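One letter stands for each residue in the lines below.
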Amino acid sequence: MGVFVLGSINLDAVARVDDLPRPGETVAGLSLELFLGGKGANQAVAAARMGAPTRLMGAVGKDDSGLSLKGKLAGYGVQVADVAELSGAPTGQAHVWVSNGGENMIVVTGGANMMITPQQVAATALEGQRVLLAQLETPAGAIEALFKAGAAKGGLRVLNAAPALPQGAALFPLTDILILNQTELATYARLDHEPAKLEEVSKAARKLMSRPDQTIIVTLGSTGVAAVRRDEAFLVEGRKVKAIDTVGAGDCFCGALAAGLAANLDLREAVEQANAAAALSVQKPGAAPSMPSKREVEVFLEG
């Protein structure tokens, strides 16, 4: 059974600098690299690398970068027939500045990602899609259409409510599994601090539940991952690894979890597999290029 991802596709331009510029200041870039990015693209690559038949629905511009990104996605094994090429909007871009101290500043321009309509989604065949996965870098109306159509087809609706946006909360009642990080949980649950202990995380997560059958998964960085249901909560501890680049780790977790659920793993197994995949991803640079294969994850779990 497959994974259907509705999500963003961006060209990420990452410039490294000694120090981030102040307003009005020009600084010399030490390097510039262009990557495939966007939460939707990253999560689709992660799911495909974990062996799930993966379809990505999204939009790019009819420009050089759009065609190039579609080709890269196909190269990772993602099915891209549902990625529209639009002449009226540019391909989405993220401009990332990273200082030597590890601080960053990011500007994301949605472009074609913001042109996906509920009508397009409603007209898409979803038969055979076990997991429907979305994030908040595409219009909320399109995600709502996907989840409503998907429910009728028996798909498991998974929302990675990132970035934390007010319109995201309106989608929670349509969601079967909600994935958040600590910061996003604090924002949606209106807490003045980020919860860290399982008891505190589960109490905050349950505030966001609108149905007794929902699951909320909270990624806790190096601490691990908490999974919270109405009547139980468990923690899968983080794996001790030397992190080189944490960009895309959350996306790796979401895509790998979707692949595990599509393969009918139970929740704990799927979370453990996704947690291991994310731990492997932070040991390589880049987002999409760092997504591990199913075999790499199996070897890591055996070790």
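The rules behind these values
- Residues numbered from 1 in each chain as written.
- Predicted model: local features only at pLDDT ≥ 70, side-chain atom pairs only at ≥ 80, totals over all residues.
- Heavy atoms only, no water.
- Pairing = 2+ DSSP bridges.
- Helix = DSSP H or I, 4+ residues; strand = E, 2+ residues; numbered from the N terminus.
- Axes fitted to C-alpha atoms, helices over the stretch in contact; angles between N-to-C directions.
- Contact = heavy atoms within 4.5 Å.
- Salt bridge = Lys/Arg side-chain N within 4 Å of Asp/Glu carboxyl O.
- Buried < 20%, exposed > 50% of the residue type's maximum accessible area, 1.4 Å probe, protein only.
- UniProt positions renumbered as here; feature names shortened; annotations may be inferred.
- Phe/Tyr/Trp six-rings, centres within 6.5 Å; stacked < 30°, edge-to-face > 60°.
- Lys NZ or Arg CZ within 6 Å of the ring centre and 35° of its normal.
- Arc of directions from axis to C-beta.
- Core = buried A, V, L, I, M, F, W, Y, C linked by side-chain atoms within 4.5 Å.

Draft legend 1. Geometry of the sheet that holds strand 2 (residues 10-17). Across the sheet, which stays open at both edges, the four strands sit in the order 3-2-6-7 with mixed pairing between neighbours. Since the sheet does not close on itself, it has two edges, and those belong to strand 3 (29-37) and strand 7 (104-109), each with one partner. Mean inter-strand twist for the sheet, computed between neighbouring axes without regard to direction, equals 15 degrees. Of the strand pairs in this sheet, strand 2 and strand 6 (residues 92-99) are connected by eight bridges, and their pairing is parallel. Residue pairing in the sheet places V14 in a bridge with V96 of strand 6. Against the sheet, helix 2 (residues 64-75) makes contact with strand 2 and strand 3, and its axis sits at roughly 65 degrees relative to strand 3, the strand it touches most.

Draft legend 2. Here's a closer look at the pattern of salt bridges. In this structure the tally under the stated criterion is 13 salt bridges. Put simply, E144 and K148 hold a salt bridge, and the shortest N to O gap is 2.8 Å. One end of the pair, E144, and the other, K148, are both in helix 4 (residues 140-152), four residues apart, so they sit about a helical turn from each other. The class for K148 is partly exposed, based on a relative accessible area of 48%. Among the salt bridges present, the one from E298 reaches K294, with a minimum N-O distance of 2.9 Å. A residue pair is termed a helical-turn pair when its members lie 3 or 4 positions apart in one helix, as E298 and K294 do in helix 10 (residues 294-302) at four residues. Since its relative accessible area comes to 34%, K294 is described here as partly exposed. Linked through salt bridges whose partners overlap, the residues forming this network are R157, D176, R211 and D213.

Draft legend 3. Structural detail: the side chain of T138. If you trace the backbone, T138 turns up in the loop between strand 8 (129-135) and helix 4. Sequence-distant contacts of T138, defined by excluding residues within four places in its chain, comprise L6, G7, S8, N113, M114, I116 and I143.

Draft legend 4. A look at the UniProt feature "binding site: substrate" (unreviewed entry) in the chain. Residues annotated by UniProt as "binding site: substrate" (unreviewed entry) correspond here to N10, L11, D12, G38, K39, G40, A41, N42, E137 and D251. Residue position: A41 is located in helix 1 (residues 39-49). Look at A41 and you get buried, because its relative accessible area is 0%. With near-sequence residues (within four places) excluded, A41 lies in contact with S8, I9, L36, L56 and L73. Relative to the assigned elements, D251 resides in helix 8 (residues 249-262). Accessibility expressed as a relative area gives 7% for D251, which makes it buried. Aside from chain neighbours lying at most four places away, what touches D251 is K39, N42, Q43, A46, N160 and M291.

Draft legend 5. The packing of aromatic side chains, seen in detail. Applying the stated rule across the entire model yields one aromatic pair. Sitting above the plane of the F300 ring, R239 keeps its charged end 5.0 Å from the centroid.

Draft legend 6. Structural view of helix 7 (residues 198-207). Looking only at helix 7, the buried set comprises V201, S202, A204 and A205. Axial view of helix 7: buried residues confined to an arc of 165 degrees, hence all on one face. Exposed and oriented more than 90 degrees from the buried face of helix 7 are E199, K203 and K207. In the core, the buried residues of helix 7 are packed alongside helix 6 (182-188), strand 11 (215-219), strand 12 (224-228) and strand 13 (233-237).

Draft legend 7. Highlighting the environment of E296. Summarising the element assignment, E296 is placed in helix 10. Residue contacts for E296: discarding those within four places in its chain leaves R49, L280 and K284.

Draft legend 8. Looking closely at the nonpolar core. Judged by nonpolar contacts, the single largest core of 51 residues is most densely connected at I9, L73, I217, F253 and L257. Ranked by the residues each element gives to this core, the list is headed by helix 8, at nine residues. In this structure I217 touches I177, L178, I179, L180, V225, A226, A227, F253, L257, L267 and V271, once residues within four positions along its chain are discounted. Counting 37 residues, the second-largest nonpolar core is a separate cluster that includes L146, L180, I216 and L220.

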